[in-house]
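Spelled out, the chains give:
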Amino acid sequence: MCAPGNRVLWHCTVDTSTTCVSCSASTYTDEPNGLEMCFSCSTCDAGLRIQKACTRLSNTICEPLKGFYCMVREKGSCKLAAKHSQCKPGEYIQQRGTASTDIVCDECTNGTYSDGTFTACQPHTICQSMGRKQTEAGTTACARAEYEINKECCPMCAPGNHVYWHCTVDTSTTCVPCPALTYIDEPNGLDKCFPCSVCDVELGLRIKKACSRSGDIVCEPLNRFYCIEKKKDSCRFAVKHSECHPGQYVKQTGTAFSDTVCGNCTAGTYSNGSFTACRPHSNCEIEGLKEIKPGTMSSDVECGKSFPIIIIVGVIVGVIVFVLVTAVGIKIYYKLKQKRQASDRSISYYSVPIQESDGQCEPTSPDIT
């Protein structure tokens, strides 16, 4: 194998060892390998920053930004981060958020209050003890099925309904059903219903259960995705299952709530990254073939037909004879051509040219005898 930080340039043969070269810029291998290409360095996405830059020997290590916490971690690096939650008024910060955990909120008890930023609920001020008059009451804890409004405790509306008229001294709360695409899933004293959530494909989600007046939409991960953020029974964010690299096999198939787990192949076996178990390299000799290219952890051995030595020698001799015969034939052809040209020149030299007549007769002298 090649050492970490390197990849295979030439695979070994019967006579030579494996030739390795260093990974190029922005690529790496962090384990001994038989790979022909190094892995691309990861980038730190939204909510993340670089903790340690990528080198030839290791991938980039990311960490959450301030005010964020890591939701998905892999090999010491954060892959996905989310912003810390904020406590609502009436809640206090029970546990501050860290780089790996979200803020934990808890509700204030009767006689105490918090605007959502306190680390402990504060008791209501007693004006009389300060020699002052109370001008406005602190928030009062009403009965379990009531809500406080205008210093009065009113009966709550049932799930799927919202308040149309608040109660008075003489009348009870008037409730009406939530309009389309809105809901309330608990008894409440709200003037408006909540808008139904959306199962966004961009977030890796699809509808499991449609929204109704008394319950929000329930989302689930798309096929080949898994949920990393869940609220009640609905998935809020999902990411795609990891893919095993060539030289690895699928040790555990990903589910709707867990990622794919990969394992490395051992010597003498291979996988293209999609196998559930590494396969042993083929044995060419058993199949009556000859090994053309050795196997790697990501590919099988290449086998081919082996020809008897006598056939190979015969083919080579035949080629040599053909070349010689062709060369001799060409030489004879050119010699004959040269002789023919020499003969043509000789005939042309000894021939007498005949003048052509213009068709007129010349006078001749009389024959004197």
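Criteria and cut-off values
Residues numbered from 1 in each chain as written. Predicted model: local features only at pLDDT ≥ 70, side-chain atom pairs only at ≥ 80, totals over all residues. Heavy atoms only, no water. Helix = DSSP H or I, 4+ residues; strand = E, 2+ residues; numbered from the N terminus. Contact = heavy atoms within 4.5 Å. Areas by Shrake-Rupley, 256 points an atom, 1.4 Å probe, with all protein chains shown as cover. Buried < 20%, exposed > 50% of the residue type's maximum accessible area, 1.4 Å probe, protein only. Lys, Arg positive; Asp, Glu negative; His and termini not counted. Salt bridge = Lys/Arg side-chain N within 4 Å of Asp/Glu carboxyl O. Polar contact = N/O pair within 3.5 Å; in protein donor to acceptor, adjacent residues only side chain to side chain. Phe/Tyr/Trp six-rings, centres within 6.5 Å; stacked < 30°, edge-to-face > 60°. Lys NZ or Arg CZ within 6 Å of the ring centre and 35° of its normal. Patch = residues over 30% accessible without salt bridge, like charges linked within 9 Å, V, L, I, M, F, W, Y side chains within 5 Å. Core = buried A, V, L, I, M, F, W, Y, C linked by side-chain atoms within 4.5 Å.

1. Brief notes about the overall build of the chain
For the chain, the helix and strand inventory stands at one helix and 28 strands. Within the chain, residue pairs in contact and separated by at least 24 positions form 33% of the contacts whose partners lie at least 6 positions apart. Of the roughly 26500 Å² that the chain leaves accessible, carbon and sulfur atoms contribute 56%.

2. Structural notes on the side chain of Asp259
Here Asp259 is to be found in the loop between β23 (248-252) and β24 (261-264). Despite its burial, Asp259 remains without a salt bridge, the nearest opposite charge being carried by Lys79 at 9.8 Å. A distance of 2.6 Å separates polar atoms of two side chains, one belonging to Asp259 and the other to Ser242. Leaving out residues up to four positions away in the same chain, Asp259 has contacts with Tyr226, Lys240, His241, Ser242, Gln252 and Gly254.

3. Here's the deal with unusual backbone geometry
In this structure, Leu181 takes a positive phi of about 65 degrees despite not being glycine. Tracing the backbone shows Leu181 in the loop between β16 (174-177) and β17 (182-183). For Leu181, a relative accessible area of 69% translates into the label exposed. Phi angles above zero are rare outside glycine, and Arg224 is one such case at about 75 degrees. Relative to the elements of secondary structure, Arg224 occurs in the loop between β20 (218-221) and β21 (225-231). For Arg224, a relative accessible area of 60% puts it in the exposed group.

4. Let's talk about the pattern of salt bridges
In the structure shown here, the tally under the stated rule is five salt bridges. We note a salt bridge from Lys75 to Asp30, for which the minimum N-O separation is 4.0 Å. With Lys75 in the loop between β7 (68-74) and β8 (77-83) and Asp30 in the loop between β3 (27-28) and β4 (39-40), the pair connects residues that are 45 residues apart, well separated along the chain. The exposed category is assigned to Lys75, whose relative accessible area is 66%. Across the salt bridge formed by Arg236 and Asp216, the nearest N and O atoms sit 3.5 Å from each other. Of the two residues, Arg236 sits in strand β22 (residues 234-240) while Asp216 sits in the loop between β19 (205-209) and β20, which places them 20 residues apart along the sequence.

5. Side note on the packing of aromatic side chains
Evaluation of the coordinates by the stated rule reveals six aromatic pairs. Taken together, a centroid distance of 5.8 Å and an interplanar angle of 55 degrees make the contact between Tyr183 and Phe194 tilted. With Tyr183 in strand β17 and Phe194 in strand β18 (residues 194-195), the pair connects residues that are 11 residues apart, well separated along the chain. Assessed through its relative accessible area of 37%, Phe194 is described here as partly exposed. Ring centres of Tyr333 and Tyr334 lie 5.5 Å apart, and the angle between their planes is 75 degrees; on these two criteria the pair is classed as edge-to-face. Its relative accessible area of 46% is what places Tyr334 among the partly exposed residues. A cation sits over an aromatic face here: Arg279 above Phe275, 3.7 Å from the ring centre.

6. Quick look at the environment of Ser172
Relative to the assigned elements, Ser172 resides in the loop between β15 (161-165) and β16. What makes Ser172 partly exposed here is its relative accessible area of 46%. With 18 residues separating them in the primary sequence, Ser172 and Cys154 have C-alpha atoms 7.0 Å apart. Discounting residues that sit within four places of it in the chain, Ser172 has contacts with Pro155, His166 and Cys167.

7. As for a nonpolar patch on the surface
A contiguous nonpolar patch, built from Val313, Val317, Val321 and Val325 and spanning about 330 Å² of accessible area, is present on the exposed surface. Assignment of secondary structure puts Val317 in helix α1 (residues 309-350). Judged by relative accessible area, which is 43%, Val317 ranks as partly exposed.

8. Description of the environment of Ile184
Note that Ile184 resides in the loop between β17 and β18. A C-alpha to C-alpha distance of 5.0 Å links Ile184 and Gly160, two positions 24 residues apart in sequence. Beyond its immediate sequence surroundings of up to four residues, Ile184 is in contact with Pro159, Gly160, Asn161, His162, Cys178, Leu190, Lys192, Cys193, Phe194, Arg213 and Ser214.

9. Concerning the nonpolar core
Ranked by size, the top nonpolar core spans eight residues in total: Cys199, Leu205, Ile217, Cys219, Phe225, Cys227, Cys235 and Ala238. Of all elements in the fold, only β21 and β22 reach the threshold of two or more residues within this core. With residues up to four places along the chain from it excluded, the contact list for Ala238 reads Leu203, Gly204, Leu205, Pro221, Phe225, Tyr226, Cys227 and Ile228.

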